[in-house]
Amino acid sequence: MPQSFWRRFIRNRPAAVGLAFLVFVVVVSLGAPLFFAGDPFGIVGKPFLPPFGAYLFGTDSLGRDIAAGIAHGGRTSLMVGLVATIVAVSVGTLLGAFAGFYRGWIDDVLMRFTEFFQTIPTFLFAIVLVAIMSPSRASIVLAIAVISWPPIARLVRGQFMATREREFVQAAICLGMTDAAIIFRQILPNVLSPIIVAGSLMVATAILIEAALAFLGLGDPNAMSWGFMIGAGRSFLRDAWWLCAIPGIAILLTVLSINLVGEGVNDALNPRLRTL
Amino acid sequence: MALGPKTAVYIVRRLAQAVPVVIGIVVLNFLLLQLAPGDAATVLAGEAGGAPPEYVAQLRERFGLDRPTHVQLLLYLKNVLSLDLGYSFRNSMPVSTLILGRLGPTLLLMGATLLASVLCGVLLGLLAATAVNTWRDRVISVAAVIAYATPLFWIGLMLILLFSIKLEWLPTTGMEDVVAFNEGWDRVLDIARHLVLPTVTLSLFYMALYTRMMRAAMLDQRGMDYVVTARSKGLSERLITYRHVLRNAVLPVVTMAGVQVGSLLGGSVVVESVFAWPGLGQLAFQSLFARDFNLLLGIFFLSACLVVLVNLAVDLVYLALDPRINVD
């Protein structure tokens, strides 16, 4: 199974390209302290140097190296996106599994919660959460996780409700397995693939939310980030377009490659569904 | 669907169901905002360049911030239920006046976005699905995938750079040219020109989403029995596509558009900030940093009501589009 999965995935050209680019982003981000030693907030030269001169992407309004900012900012984006997704997917899966398996009041509470999050403007809610907890990487992760888990919970609930009626689950119940064993060892492995797909797409959304928060000035003040760079470069759009353009392209390409990988995983996990 | 008594009962029931959700949102946000460091009194005192603690205490007393939390909450709920959203001490104006002044621009932006994204999404999805695996389909699909990955605020800035700064076709920011004192149609035209870039910015993501949904739904529907029936009775492919498949494929897009009104309101915070659009999103953002919680809670309350109403409207449209669905 894993081998055929890998072969199907890599044969899908957009997914393979996406994965290659994503690996590149991860290497550059993780290696940022090596490639661009020193503080990314540090001043290296004259301000407003255009790109492809002494510095690959030029310098910003204070003379900071934009390429260093991109590399270090990638760490923030990837870290926040990944951790927020892990938290949201864990919480969502757990609650969705209980709601779908037990139904009853857990299910009711969950459905009210989802309704709640559909009624509240989620991004505004995230802004409020970050502002209350004061901007830091932890509070940003928490805020993104809080607004992201309900759709996962809904997805898992639906999957569990459908799978619960299958014969192998009925058999496990007859065998006297504990509920926990049925939920985690019987049903969960069977519904894992939609969760993985939704999770991988969620990393992309989380990166976009983090960038928007940082753009509005709600980023971690001690961590360089792509959204912050765009926000800081905004006032100089007329004369130094690259201050905004380059970090935006970094976000766009990263999010795009994650989406391509996510869809590739989806197609490779469900080869029968791939009719298009 | 006829607008009979059944539909009226359905509307009333839906509205009644929404009441606890809206109250829940108000209560949760009220409690959350209590946790925020600082309040309106400290912000006002801070802006005055520091103030003696007696003055801050006096301000708190005037704003009613010195009372216990649960008393404040109950008082607030009582007022909200009688549609009194309180007073913004920061702006020295009733919250409802402030919000109503900003509601128009936001509704204009949201309405234009909803219309543009659904119409273009459906059209592009249709164009792609009727030419699967040709270059037309590929171009549309690739564009949709890229648009789907683009940060809203960034594309807004890039559009300003291209169309306002380089080409000078469209205005950069604001909703109208206030110093021009336009009247009548000139004013409408001026606002429309200001509306173009914010609408394109906010629509792009949703347009991409609806394009992909529409394409998938069209392809899904193509294999259904009713299409085979239509084909076997000799209908032309054109007629099948436009009269039968299109109507069914639009349904999921309409549902999705309804569900996303809340997220659209959130997205407008960013777009309004990029284009200095004088809407609710900017007001919410400013009120948060001024610790003007009456105002912020009012905005949350109003936007929740707005989402409930739009969702209801979407469901009614859905009923009209699909006679198979019964209001029971």
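Scroll up for the structure.
Every value quoted in this text rests on a predicted model; they were computed, and no experiment measured them.

Each helix and strand in chain B was counted, giving 13 helices and 2 strands. With respect to the principal axes defined by its C-alpha atoms, chain B has extents near 85 × 55 × 40 Å. Relative to its 328 residues, chain B shows a buried fraction of 47%. For chain B, long-range pairs separated by at least 24 residues make up 76% of all intrachain contacts whose partners lie at least 6 apart in sequence. Surface summary for chain B: the accessible area is close to 16,200 Å², and the carbon and sulfur share equals 66%. Between the centroid of the 24 positive side chains of chain B and the centroid of its 21 negative side chains there is a distance of 11 Å.

Another point: the packing of aromatic side chains. Taken as a whole and assessed by the stated rule, the structure comprises 12 aromatic pairs over all chains. Judged by centre distance (6.0 Å) and plane angle (15°), the ring pair of Trp6(A) and Phe9(A) falls under stacked. Placement of the pair is Trp6(A) and Phe9(A) together in helix α1 (residues 2–11), with a separation of 3 residues, close to one helical turn. On the numbers, 5.8 Å between centres and 40° between planes, the contact of Phe163(B) with Trp169(B) is tilted. For Trp169(B), a relative accessible area of 55% translates into the label exposed. Over the aromatic face of Phe101(A) sits the side chain of Arg164(A), whose NZ or CZ is 4.5 Å from the ring centroid. Over the aromatic face of Tyr148(B) sits the side chain of Arg212(B), whose NZ or CZ is 5.3 Å from the ring centroid.

A separate point is the interface of chain A and chain B. At the junction of the two partners, chain A supplies 38 residues and chain B supplies 46 residues. Of the roughly 3,800 Å² buried where chain A meets chain B, counting both sides, 80% is carbon and sulfur surface. Of all residues in chain A, Thr119(A), Ile132(A) and Leu237(A) give up the largest surface area on contact with chain B, accounting jointly for 16% of the area buried on that side. Counting across the interface, chain A meets chain B through 1 salt bridge.

What follows covers the side chain of Ser77(A). Residue and element names in this part refer to chain A. Its place among the elements puts Ser77 in helix α4 (residues 66–102). Given a relative accessible area of 1%, Ser77 falls into the buried group. Those residues in contact with Ser77, other than ones at most four positions away along the chain, are Ile207, Glu210 and Trp226.

Counting across every chain of the model gives 6 salt bridges over all chains. Two residues, Arg157(A) and Asp107(A), come together in a salt bridge whose shortest N-O distance is 2.5 Å. Here Arg157(A), found in helix α7 (residues 137–164), pairs with Asp107(A), found in helix α5 (residues 104–119); they are 50 residues apart in sequence, far enough to count as distant. Of the two residues, Arg157(A) and Asp107(A), neither departs from the other in class, the shared state being buried. Note that Arg231(B) and Glu237(B) form a salt bridge whose closest N and O atoms lie 2.6 Å from each other. For Arg231(B), a relative accessible area of 39% puts it in the partly exposed group.

Residue and element names in this part refer to chain A. Where α7 meets helix α10 (residues 192–215), the axes come as close as 10 Å, and the angle between the chain directions of the two elements is 155°. As summarised for this structure, α7 and α10 are arranged roughly antiparallel, according to the angle between their axes. Judged by the sense of rotation from one axis to the other, the crossing of α7 with α10 is right-handed. Residues Ile140, Ile144, Ile147, Ser148, Ile152, Leu155, Val156 and Gln159 of α7 pack against Pro194, Ile195, Ala198, Met202, Ala206, Ile209, Glu210 and Leu213 of α10. Residues of the contact of α7 with α10, tallied by class, amount to 13 nonpolar, 2 polar and 1 charged.

Residue and element names in this part refer to chain A. A contiguous nonpolar surface patch, about 510 Å² in accessible area, is contributed by Met79, Leu82, Val83, Ile86, Val87, Val91 and Leu95. Within the fold, Val87 resides in helix α4. By relative accessible area, Val87 is classed as partly exposed at 32%.

What counts as what
- Residues numbered from 1 in each chain as written.
- Chains lettered and ligands numbered in written order.
- Predicted model: local features only at pLDDT ≥ 70, side-chain atom pairs only at ≥ 80, totals over all residues.
- Heavy atoms only, no water.
- Helix = DSSP H or I, 4+ residues; strand = E, 2+ residues; numbered from the N terminus.
- Buried < 20%, exposed > 50% of the residue type's maximum accessible area, 1.4 Å probe, protein only.
- Contact = heavy atoms within 4.5 Å.
- Areas by Shrake-Rupley, 256 points an atom, 1.4 Å probe, with all protein chains shown as cover.
- Lys, Arg positive; Asp, Glu negative; His and termini not counted.
- Charge placed at Lys NZ, Arg CZ, Asp CG, Glu CD.
- Phe/Tyr/Trp six-rings, centres within 6.5 Å; stacked < 30°, edge-to-face > 60°.
- Lys NZ or Arg CZ within 6 Å of the ring centre and 35° of its normal.
- Buried area = accessible area lost by both parts, 1.4 Å probe.
- Salt bridge = Lys/Arg side-chain N within 4 Å of Asp/Glu carboxyl O.
- Axes fitted to C-alpha atoms, helices over the stretch in contact; angles between N-to-C directions.
- Parallel < 35°, antiparallel > 145°, perpendicular 65-115°, else oblique.
- Left-handed = near helix turned anticlockwise from the far one by under 90°.
- Nonpolar A, V, L, I, M, F, W, Y, C, P; charged D, E, K, R; others polar.
- Patch = residues over 30% accessible without salt bridge, like charges linked within 9 Å, V, L, I, M, F, W, Y side chains within 5 Å.

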